[in-house]
Structures are given as C-alpha cells and as structure tokens.
Amino acid sequence: MYSEPTRVQKCHYATPQQSVPPFGYPPQFLSSPALSMLLQCYLYPPSILPQLRTNLQSSLFLPTRCRTSHAPLLRSITVKASISTVMDADAQVTLLKKGIAELYDESSGIWEALWGDHMHHGFYDPDVKVSGSLSDHRAAQIRMIEEALRFGSVPEDPKKWPKNVVDVGCGIGGSSRYLAKKFGAHCQGISLSPFQVQRANSLAAAEGLADKASFQVADALDQPFPDGQFDLVWSMESGEHMPDKRKFVSELARVAAPGARIIIVTWCHRNLSPSEESLQTWEKAHLKKICDAYYLPEWCSAADYVEMLESLSLRDIKTADWSQNVASFWPAVIRSALTWKGLTSLVRSGLKTIRGALVMPLMIQGYQKGIIKFAIITCRKPEFE
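Residues numbered from 1 in each chain as written. Predicted model: local features only at pLDDT ≥ 70, side-chain atom pairs only at ≥ 80, totals over all residues. Heavy atoms only, no water.

**With respect to the overall build of the protein**
Let me state the cut-off plainly: Here a helix means four or more residues in a row that DSSP labels H or I, a strand means two or more in a row labelled E, and each is numbered from the N terminus. Per-residue accessibility, obtained with a 1.4 Å probe over protein chains only, is compared with the maximum for each type, and a residue is labelled buried under 20%, exposed over 50%, and partly exposed between these values. In this description, contact between two residues means that some pair of their heavy atoms is separated by no more than 4.5 Å. Computed with a 1.4 Å probe, the accessible areas rest on the Shrake-Rupley method; for each residue, only the protein chains presented here act as cover.
When helices and strands are counted, the protein shows 15 helices and seven strands. Taken over 385 residues, the protein has a buried fraction of 54%. Taking the contacts inside the protein whose residues are at least 6 apart along the sequence as the reference set, 77% of them involve residues at least 24 apart. Accessible area for the protein stands at about 17,500 Å²; split by element, carbon and sulfur atoms hold 55% of it.

**Overview of the pattern of salt bridges**
Applicable threshold: Salt bridges are defined as contacts in which a side-chain nitrogen from Lys or Arg sits within 4 Å of a carboxyl oxygen from Asp or Glu.
Overall, the coordinates contain 19 salt bridges when judged by the stated rule. Residue R270 is joined to E276 by a salt bridge in which the shortest nitrogen-to-oxygen separation is 2.8 Å. Exposure class is identical for R270 and E276. Each is buried. The shortest N-O distance in the salt bridge between R380 and D316 comes to 2.7 Å. With a gap of 64 residues between them, R380 in strand β7 (residues 372–380) and D316 in strand β6 (residues 315–321) connect regions that are remote in the sequence. For D316, a relative accessible area of 45% corresponds to the partly exposed category.

**Notes on the packing of aromatic side chains**
To describe a pair of aromatic rings, you give the distance between the ring centres and the angle between the ring planes. For clarity, the threshold we go by: Between rings of Phe, Tyr and Trp, where Trp is taken as its six-membered ring, a pair exists when centres lie within 6.5 Å; planes separated by under 30 degrees are stacked, by over 60 edge-to-face, and by other angles tilted.
Following the criterion strictly, the structure yields 12 aromatic pairs and no others. With 5.9 Å between their ring centres and 75° between their planes, F151 and W322 make a pair best called edge-to-face. A residue pair is termed long-range when its members are at least 10 positions apart, and F151 in helix α6 (residues 134–151) and W322 in the loop between β6 and α12 (329–337) qualify at 171 residues. Members of the aromatic cluster, joined through ring pairs, are W111, W115, W267, Y294, W299, F329 and W330.

**Points about the sheet that holds β6**
The following threshold applies: A pair of strands is treated as paired once DSSP finds two or more bridges between them. Axis angles are defined between N-to-C directions and span 0 to 180 degrees, where every axis is a line fitted to C-alpha atoms and, for a helix, only to the segment in contact.
A sheet is described by the order of its strands in space; here seven strands give the open sequence β3-β2-β1-β4-β5-β7-β6, paired in mixed fashion. Two strands bound the open sheet, and with one partner strand each, they are β3 (213–217) and β6. Neighbour to neighbour, the strand axes of the sheet diverge by 15° on average, direction disregarded. Sheet analysis places strand β2 (residues 186–191) next to β3, joined by five bridges and oriented parallel. Pairing of S191 across the sheet is with V217, part of β3. Running at roughly 155° to strand β5 (residues 256–269), helix α9 (residues 245–255) makes contact with β1 (164–168), β4 (230–236) and β5 of the sheet.

**A short note on the environment of K369**
Mapping K369 onto the fold places it in helix α15 (residues 360–369). Each C-alpha atom of the pair K369 and E283 lies 9.1 Å from the other, and the pair is 86 residues apart in sequence.

**Re the pairing of β1**
What counts, and what does not: Orient the strands so they point away from the viewer, and a crossover whose first-strand-to-second-strand path over the helix runs clockwise is right-handed.
The buried fraction of β1 amounts to four of the five residues, a majority that puts the element mostly inside the structure. Sheet topology places β1 next to β2; five bridges connect them, and they run parallel. Considered in β2, the bridge of V166 is made with Q188. Read as a crossover between parallel neighbours, the route from β1 over helix α7 (residues 174–183) to β2 is right-handed.

**A short note on the pairing of β2**
Within a regular beta strand, the side chains point alternately toward one face of the sheet and then the other, so they alternate between its two faces. For β2, the tally of buried residues reaches five of six residues, placing the bulk of the element in the interior. Between the parallel elements β2 and β3, the chain passes through helix α8 (residues 194–206) in a crossover that is right-handed.

**Topic: the packing of helix α10 (residues 281–294) against α15**
A pair of packed helices is captured by two measures, namely the crossing angle of their axes and the spacing between those axes. Spelled out, the test is: Here is the rule for handedness: rotate from the far helix to the near one, and if that takes an anticlockwise turn smaller than a right angle the crossing is left-handed, while a clockwise turn gives right-handed. Under the scheme applied here, ten amino acids are nonpolar (Ala, Val, Leu, Ile, Met, Phe, Trp, Tyr, Cys and Pro), four are charged (Asp, Glu, Lys and Arg), and all others, including Gly, are polar.
With their axes 10 Å apart at the nearest point, α10 and α15 run at an angle of 145° to one another. The two elements α10 and α15 cross, and the hand of that crossing is left-handed. Taking contact as the criterion, the partners of W282, H286, K289, I290 and Y294 in α10 are, on α15, M360, L362, M363, Q365, G366 and K369. A breakdown of the residues in the contact of α10 with α15 according to their chemical character gives six nonpolar, three polar and two charged.

**A short note on the nonpolar core**
Here is the rule: Within this scheme, the nonpolar core is defined by two criteria: the residues are buried Ala, Val, Leu, Ile, Met, Phe, Trp, Tyr or Cys, and they are joined through side-chain atoms within 4.5 Å.
Membership of the largest hydrophobic core comes to 59 residues, with the highest contact counts inside it found for L149, L179, W234, I263, Y294 and W330. Not counting residues up to four positions away in its chain, the partners in contact with W330 are H121, W267, Y294, M360, M363, I364 and Y367. A218, F230, M242 and I264 belong to the second-largest nonpolar core, a separate cluster that totals 32 residues.

**Regarding α6**
The line we're drawing: One less than the residue count of a helix, multiplied by 1.5 Å, gives the span that helix is expected to have.
Helix length check: α6 (18 residues) gives 26 Å between terminal C-alpha atoms against 26 Å at 1.5 Å per residue, within 8%. S153 occupies a position one or two residues after α6 and carries a positive phi of about 60°.

**Observations regarding helix α14 (residues 351–358)**
In terms of burial, α14 is largely enclosed, as seven of its eight residues are buried. Along α14, the residues that are buried comprise K352, T353, I354, R355, G356, A357 and L358.

In structure tokens, the structure reads:
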C-alpha cells in the first residue's frame, strides 16, 4: 500500500492563483453572518518571530472602512511588533511557548466538546465521498493512529509490542490512552499546556488507565526522561510547534531505546526543488498568517526531517505525503465550527481560539496550492550504537 523510497522524491509546486477571495477566505466561509462579524471585530496578530517581517496591512482581518476607528489599537500593535523584532532568541522562544500553552489552555475544551479526545487530523481514502457524520470523522482520527503505526512498522506480534511509549505533544491524551489499551503499554505524555495535562490525567483515571497513562507539563526540546527509555516514540502533530526542529528530533532519538520506532506526523511545507533556496514570497506570506494564529515557528519540509534523522544515524527512514488523505478534515472542522454549538463556544472561548478558527480556510488553501504537506516520517534507532 505504501511506497518506501530510499530518498525523498522531488516535489512539484503549484503557482499562485490569479485571484484570491477577500482576506484569503472562500466566499462560502465569509457568507456566514456570525463569522463575518468576527472578521470585522478581531485583529490578526502580528508575528512574534524575528525572521518574519510584520506586514500590518496583510495582518488585519478588517474591511478598509473599519480601520480608521481602530487607529489607537493599531498604533499599539505596531509598537509591540517593533519591540518583538529586537527581542533576543531566547525571549522569542519563551514567548512562543507561552503562546502555545495559552492557545491550548483556551481551545482544548471546545475541541473536546465538538470532536472528542483526539486532537489531530483524520485519515480518509482519497476521492471517496466522506459522510458528514461526526462519528465517521472521529473514526478517521482513530484510523490515522492505525495507519501511522502500520507505516512505522510497529510489530503486530503481541510479543513484540511496545511496552513503554512517549507521546510528545500529547494533547488531552487521546493517542496515549488508545496505545495503552491497544498494546497494554505504559504511556507517558508531555504538553506545554497545564489544562491539557490536567484533562489528560483526569480522562485516564476515568477510563481506569491511571496506572498505564500519565501526563506532565514538559518541553519537547528538553524532555524529563532518561536516555533510551521508550521503545515507541510518538509525535502526532506537534513537530510544527517546535522552534528548533533539529533539537526536537535529537530529543526524540535520545529518549528512544535501541531498536525503538520513532513516528513523526506533522505539518510541513513542500519540498524545495534543487534550484530553490527557499519558498517563494507568496508562499511565505501564506504560511505567516497561519503561523501567527497557531503560534508556529518557521516551517520545514519532509526532506529536511529526513536529513536531520540521517545526521543522527537513524535507520529505516521513510516518509510519505498524506495530504490527499487528510483533505476532508479541515472542511469538516469548519462545518462543526459553523454550528450553533460551535459558534457560541468560539465566542466564549477567547481571542486565541477565534483567531485559530479564522485561519482554518487558509489551511485548506495551503493544501490546495501545494504549499502545505501533511507528512509522516518514521525511522528506527539502531540496536547498537
């Protein structure tokens, strides 16, 4: 079912579309009265990262006629953005991590209420019409876990099942509890969000898994575990938040036991062609809007991940582009946000969650234009080093 290339294949990239809807949103999204109101009332945050220039004009989700009334606020934002450009690297990373924690403290409750305890994409068969049933989409999220395990060559023989699992960027513990039940493994999850950790531990206790799944607030770039502790290292859609991707994969390798499987499922930008040194300007601008809302640092490609894993002498490195398999996910999330329950929950949840909701159509566009790739990268730590 899967191709297993020894080297990453060249990626063709799309050209910008000739016309883009206002604010980069599809017309059907803007047609929602409630979201149109939100678009007129909330500002898209300026970048907190020094390598990205603040473009105030493109950072406003406001019609031109509304901007003058917000002049004092805009001046304040401009000053803050200017300050951010002179922050040292450590301060920038600290601010990024704080934003990530606050985003998930604020939004995890609404996500669980609408989508359950798995905070990741679903896996779908391409070109197959997807039911609008929420239960089907939740089943697709479970399938994502199973497909990742299969692609990562996690043994099906019960005698070879993983016994100790680390869930890096654990959310509210959905993957950990699933893996604990499936393999009978002891799972330890880490997150920057105190809310997520508290909720994950509560759900584990409620499901009788307190002795199998535990969670703590910790940094994926400085994990609180000894070397070689885990025979399955699991990172489901957390790598995109890492400000230092090389340090991230180094930590994954460090805590992996000899022979352990490492599975990374993450958002990437497209692979660059041999003649390119970076993404095109319009592609960077598109990703910047997403970065600002979701507290993401600079993106990398699947090819970059492969290079980093190779530099650590890891074995059996494989990667695949699952973008077509997740194409049905973001439209479903948007539909759930447009329900009465979704809209009222958004309004109550806070500004960070609203900003995240407003850029969801940009994720769809990113996939459609070929900028964003949903990638899986897996490898194995050698038995003897």
